[in-house]
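# Residue-level structural notes
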Amino acid sequence: MRGNMTREDKNTAIRFLGLLKAYRRGIVLLMVAILFSVGLSLLSPMLSRELMDKGLLRGNFAAIVRISVMLFLLRQVSSLLSLWIERRRLRIAYDFRFRMEGLAVEHLLGMRTEFFNQISQSELLSQIDVDVNYICSILNTNTLSVFASVFTVIGGIAAALSIHWGMVILILLVLPVKYLIIHFHSRAQKKKLHVFLEKNMAYARWFGELVGGMVDIRIYGLENKKMEEFGSTDGEKIAAHRDMDTVSQYRQLADGTLDAVLNLLVFVIGGIFVSRGELTVGSLYAFISYSSYILGPLSSILNLRLVLANILPSAARFFEFLDRKEESVEGEGELPCGLCGAYDIEYQNVCFRYGAAKNGEDVIRGLCLRIPGGEKVALIGKNGCGKSTVVQLLLRLYDCGSGDIRLLGTQISSFKIKEYRRLFSVVSQQIYLFNDTIRNNIRMCGDFDDGAIRKVLDEVGLGGLVKERGLDFVVGINGSCLSGGQKQKIALARALLHNRPIFIFDEATSNTDIDFEVRFRQMLRERLADKTVILVTHNAELLREADRVVWMEDGRVFCEGAYGELLEQSAAFAALIDQYGNGREAEKEG
């Protein structure tokens, strides 16, 4: 096995064993208990030989009773010890699984945003679940039996030699054949597993798209097409799994046939020795038992190749996942406190593109923009011009490709990311509400009493909802029990409650009614008067509330100024406002 392992497999195996170091003491204790259990099991054939030769064949009732009681006690002690071993194993196995899943979740919480744009939720969940299952199989009963098998084989050979060394040679001659069978099937199993992992991932990716696009599937009548895709995608996954099972079945057939041939030879040759008086019937019975102690466990030892063939590919993929870059969380810069909204922001020749493709185009192209602390700035422009990306870069959801973003003259990347993000209250286009109560979705683990929560809910116009359903009302998965407007208002209430120095509103009123817009504009003038506010909007009424409007084109500032000035000086700007304004009015009327 060693000679056929690649350098990558060896590195994966070394790293994998490193994960088990924390359980070294518990595993060693298990090994000691297993060794003791094997010793007890080796006594059973000896006692059975004595029972047959000195009790049953001689009609010695006292010997029958005495040896039978000894066998009973031996088996009871073995059973109790096996129970302790299994309970201990389960404790280690479940703790190890919890640790592996914890590593995955902890890493997910720190991963860069672009990773989540490259993989669907179902695909990611399937990948982690499959890999963790295979990795944790190292601590299942079958795998640990490999270690017990080593002791069993050694003890079985020693005991069998004490009965008849010649028949032991017959058993040892079978070993190379068994090795070749396991070697061949382990290589085939490894190839089939790689194919299965790929097909399973493809199915998970397809299933994620199915669930995510369910509305469009129904509107455009794509049900039949999706069923055809299911037949193809799931069929390939099932076929790959069937191929894996087929390899195992062929291996079991070959292994079983070899064992049957060996048993036949042992019975025939052993019968000859019994007829010659060189062996007793009890000794032959004991030898057959010990031969199973050698061949059965030996198969488990050689099957370690198959175990590793299943574990190593998943472990390699899991480590590849853990090695993906995380956000840069550390920094030496100190954030000043007590400035309210007076945090000057400056984009200095910033460029950025999504993804790692070298031939991709920049979404942000040499952006230069300064936002003085306490100013209200509105970003406007056509879809794809980079408005939301400007906000995401400021929040450090992505890193600039080149150029700098500075806060109070210091690069934002120099601040500790958690402290830095505490400067922002955000209401984005894509609002996510957790499957939790209204209270918890607003306070977000913050230390706020119910009075403060009810106050902000009244401000955003959700006082009636709270009176009707209460703060303990569970909003459902992503707010499925609420309307789009109610979700947006809860997100706004969350931002107001946390009341951070910089507010970002990315189309924050897109799902709300005109009455709420009036309320929101009043908040901008009064409640958020001393805050730095960045608005991404095409709403003319909100643009009037901004101190400055920045019109973006092709990832850079096209022009900027007060709303009234731009409206008077640029016919193109007026046309843009008219275009989005008419669309907005039509939406409101609808």
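Structure: see above.
This report concerns the structure included in the present document. Bear in mind the structure is a predicted one, so any value in this text is a computation, not a measurement. (Residues numbered from 1 in each chain as written. Predicted model: local features only at pLDDT ≥ 70, side-chain atom pairs only at ≥ 80, totals over all residues. Heavy atoms only, no water.)

To summarise the sheet geometry, strands pair through backbone hydrogen bonds and adopt either a parallel or an antiparallel arrangement. One open sheet accounts for four strands, arranged β2-β1-β4-β5; its pairing is antiparallel. Pairing within the sheet leaves two strands with one partner each, and these edge strands are β2 (364-371) and β5 (410-411). With five bridges connecting them, strand β1 (residues 345-352) and β2 associate as antiparallel partners. Note on β2: the bridge partner recorded for V350 is L367. Against the sheet, helix α12 (residues 387-394) contacts β1, β2 and β4 (402-407), and its axis sits at roughly 115 degrees relative to β1. (Pairing = 2+ DSSP bridges. Helix = DSSP H or I, 4+ residues; strand = E, 2+ residues; numbered from the N terminus. Contact = heavy atoms within 4.5 Å. Axes fitted to C-alpha atoms, helices over the stretch in contact; angles between N-to-C directions.)

Looking now at the pattern of salt bridges. As a working rule, side chains carrying opposite charge can pair if their charged atoms are close by. By the definition in use, this model includes 25 salt bridges. The closest approach of N and O atoms between R89 and E86, which form a salt bridge, is 2.6 Å. Taken together, the residues R89 and E86, both in helix α3 (residues 61-110) and three residues apart, mark about one turn of the helix. We note a salt bridge from D129 to R97, for which the minimum N-O separation is 3.7 Å. (Salt bridge = Lys/Arg side-chain N within 4 Å of Asp/Glu carboxyl O.)

Two numbers describe how helix α7 (residues 165-212) lies on helix α9 (residues 223-276): the axes approach to 9 Å, and their chain directions differ by 170 degrees. With respect to α9, the axis of α7 lies roughly antiparallel. For the contact of α7 with α9, the residue count by class is 27 nonpolar, seven polar and twelve charged. (Parallel < 35°, antiparallel > 145°, perpendicular 65-115°, else oblique. Nonpolar A, V, L, I, M, F, W, Y, C, P; charged D, E, K, R; others polar.)

On to helix α18 (residues 514-525), then. For α18, which comprises twelve residues, the first-to-last C-alpha distance of 17 Å matches the rise-based estimate of 16 Å (1.5 Å per residue) to within 8%. Burial in α18 covers these residues: F516, E517, F520, R521, M523 and L524. Down the axis of α18, the sector holding all buried residues measures 155 degrees, keeping them to one side. (Expected span 1.5 Å × (residues − 1). Buried < 20%, exposed > 50% of the residue type's maximum accessible area, 1.4 Å probe, protein only. Arc of directions from axis to C-beta.)

Roughly 2400 Å³ of volume is contained in the largest pocket. Around the largest pocket, the lining is made up of 46 residues, and of these T113, L397, R421, Y432 and F434 lie nearest the centre. Every element with two or more residues in the lining of the largest pocket is listed here: α3, α4 (113-116), α5 (121-136), α12, α13 (417-421), β6 (424-427) and α17 (484-498). Here the lining of the largest pocket is built from residues that sort into 21 nonpolar, twelve polar and 13 charged. (1 Å grid on protein atoms, 1.4 Å probe; cavity = no way out; pocket = protein on both sides within 12 Å on 5 of 7 lines; lining within 4 Å. Points joined across faces, edges and corners; volume = space filled by probe spheres on them.)

Glancing now at the nonpolar core. Counting 64 residues, the largest nonpolar core has F16, F96, M100, F287, Y290, F318 and F321 as its most contacted members. With ten residues, the single largest contributor to this core is α3. When near neighbours in sequence (up to four residues on either side) are disregarded, F318 contacts M100, A104, D131, V132 and I135. By size, the runner-up hydrophobic cluster in this structure holds 45 residues, among which are A378, L457, L496 and F520. (Core = buried A, V, L, I, M, F, W, Y, C linked by side-chain atoms within 4.5 Å.)

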